[in-house]
Amino acid sequence: MEEAKKENLNLRTFIIVDNMQPQYAAVTGTVSKGDIPLAGMSELYLELAPGSGVYDLLNAALKSSNAKPAFQIVEREYGEIELHSFSPEDVKQAGEAVLNACGLTVLDRMKPAIVSEQIISNTDAYQAQLINRDSRHGSILVPGETLFIMEVEPAAYISIAVNEAEKNADIKVVTFDPVGRFGRMYISGSESEVRSARDAAIAAITGVEGRT
């Protein structure tokens, strides 16, 4: 990658999911256009601007590790890549190759911020139906369940929030979207389990170090 390109790269998200949970992996797999990720794998998620920078970085990661990509996305503002493997070392090597290729360190990534978060208790049947019609990749929200919605920026950090929520509570992943300006997650279940999931998701986001 040319030096001028390195200087212009904005590393918005760089995060490793250490152990993909079953629902999280399943939802990710439904939108994968490459190698399918499975539960138990480690995962690298990266988001940057300008979006076209993902081509060089994915190339570097694939040539330096055995990690496999689920997708590379180039949208209007940002680009994203995902790589995964059952070997955490493969994912670590892929991440190191990416950072070396763009001349950055992990602390050059943006620190995520929680844009909004809310709990809706005893979800009304009409609202549940509207949410279900918009959600095509996860579980069905059942009327009467408690719903938790979180938005984060940069968007791709929602990945670790969803995974940690599932890891620490007995909840359903209704859907999540890690692409765009804000990342969003919708999870449901009993009041107590959803609140435990909320705490885990918030801890995951606030625990990520980076530049503000």
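Residues numbered from 1 in each chain as written. Predicted model: local features only at pLDDT ≥ 70, side-chain atom pairs only at ≥ 80, totals over all residues. Heavy atoms only, no water.

## Structural notes on the environment of Arg109
Line of reasoning, step 1. Relative to the assigned elements, Arg109 resides in the loop between α4 (88–102) and β5 (113–120).
Line of reasoning, step 2. Overall, the relative accessible area of 12% leaves Arg109 in the buried class.
Line of reasoning, step 3. A sequence separation of 95 residues divides Arg109 from Phe14, and the C-alpha atoms of the two residues are 6.1 Å apart.
Line of reasoning, step 4. For Arg109, the residues in contact, after removing those within four places along its chain, are Leu11, Phe14, Ile15, Tyr157, Val208, Glu209, Gly210 and Arg211. (Helix = DSSP H or I, 4+ residues; strand = E, 2+ residues; numbered from the N terminus. Buried < 20%, exposed > 50% of the residue type's maximum accessible area, 1.4 Å probe, protein only. Contact = heavy atoms within 4.5 Å.)

## A short note on the pairing of strand β2 (residues 42–49)
Line of reasoning, step 1. Counting buried positions along β2 gives 8 out of 8 residues, so the element sits mostly inside the fold.
Line of reasoning, step 2. The side-chain alternation of β2 yields two buried faces, one formed by Ser42, Leu44, Leu46 and Leu48 and the other by Glu43, Tyr45, Glu47 and Ala49.
Line of reasoning, step 3. With 7 bridges connecting them, strand β1 (residues 10–17) and β2 associate as antiparallel partners. Looking across to β2, one finds that Ile15 is bridged to Tyr45.
Line of reasoning, step 4. Of the pairings in the sheet, the one linking β2 to strand β4 (residues 79–85) comprises 7 bridges and is antiparallel in character. Paired with Leu44 across the bridge in β4 is Leu83. (Pairing = 2+ DSSP bridges.)

## Considering the packing of helix α2 (residues 22–30) against helix α6 (residues 158–168)
Line of reasoning, step 1. At a minimum axis separation of 8 Å, α2 and α6 run at an interaxial angle of 140°. Classified by the interaxial angle, the pair formed by α2 and α6 is oblique. Between α2, through Pro22, Gln23 and Tyr24, and α6, the contact on the second element is made entirely by Ser159, Val162, Asn163 and Glu166.
Line of reasoning, step 2. Its residues assigned to classes, the contact of α2 with α6 comprises 3 nonpolar, 3 polar and 1 charged. (Axes fitted to C-alpha atoms, helices over the stretch in contact; angles between N-to-C directions. Parallel < 35°, antiparallel > 145°, perpendicular 65-115°, else oblique. Nonpolar A, V, L, I, M, F, W, Y, C, P; charged D, E, K, R; others polar.)

## Side note on the sheet that holds strand β3 (residues 68–74)
Line of reasoning, step 1. Ordered by their spatial adjacency, 4 strands build an open sheet running β1-β2-β4-β3, and the pairing between neighbours is antiparallel. Both edges of this open sheet fall to β1 and β3, since each of them pairs with a single strand only. Strand-to-strand twist in this sheet, taken as the mean axis angle between neighbours without regard to direction, amounts to 10°.

## Examining the packing of aromatic side chains
Line of reasoning, step 1. All told, the structure shown has 2 aromatic pairs when counted by the stated rule.
Line of reasoning, step 2. Both rings, one in Tyr24 and one in Phe176, keep their centres 5.2 Å apart while their planes meet at 15°; by these two values the pair is stacked. Of the two residues, Tyr24 is situated in helix α2 and Phe176 in strand β7 (residues 172–177); the sequence distance between them amounts to 152 residues.
Line of reasoning, step 3. Among the residues examined, Tyr24 registers a relative accessible area of 0% and is labelled buried.
Line of reasoning, step 4. The exposure class of Phe176 is buried, given its relative accessible area of 10%.
Line of reasoning, step 5. Across from the ring centre of Tyr78, 3.8 Å away, lies the NZ or CZ of Arg12, which sits over that ring. (Phe/Tyr/Trp six-rings, centres within 6.5 Å; stacked < 30°, edge-to-face > 60°. Lys NZ or Arg CZ within 6 Å of the ring centre and 35° of its normal.)

## Some thoughts on the sheet that holds β7
Line of reasoning, step 1. With respect to topology, 4 strands assemble into an open sheet ordered β5-β6-β8-β7, the strand pairing being antiparallel. Strands with a single pairing partner mark the edges of an open sheet, and in this sheet they are β5 and β7. Across the sheet, the mean angle separating the axes of adjacent strands is 10° when strand polarity is ignored.
Line of reasoning, step 2. Here β5 pairs with strand β6 (residues 146–153) via 7 bridges, running antiparallel. Bridging from a neighbouring strand, Ile119 pairs with Phe148 of β6.
Line of reasoning, step 3. The sheet strands contacting helix α7 (residues 191–206) are β5, β6 and β8 (183–189), and the helix crosses β6 at an angle near 10°.

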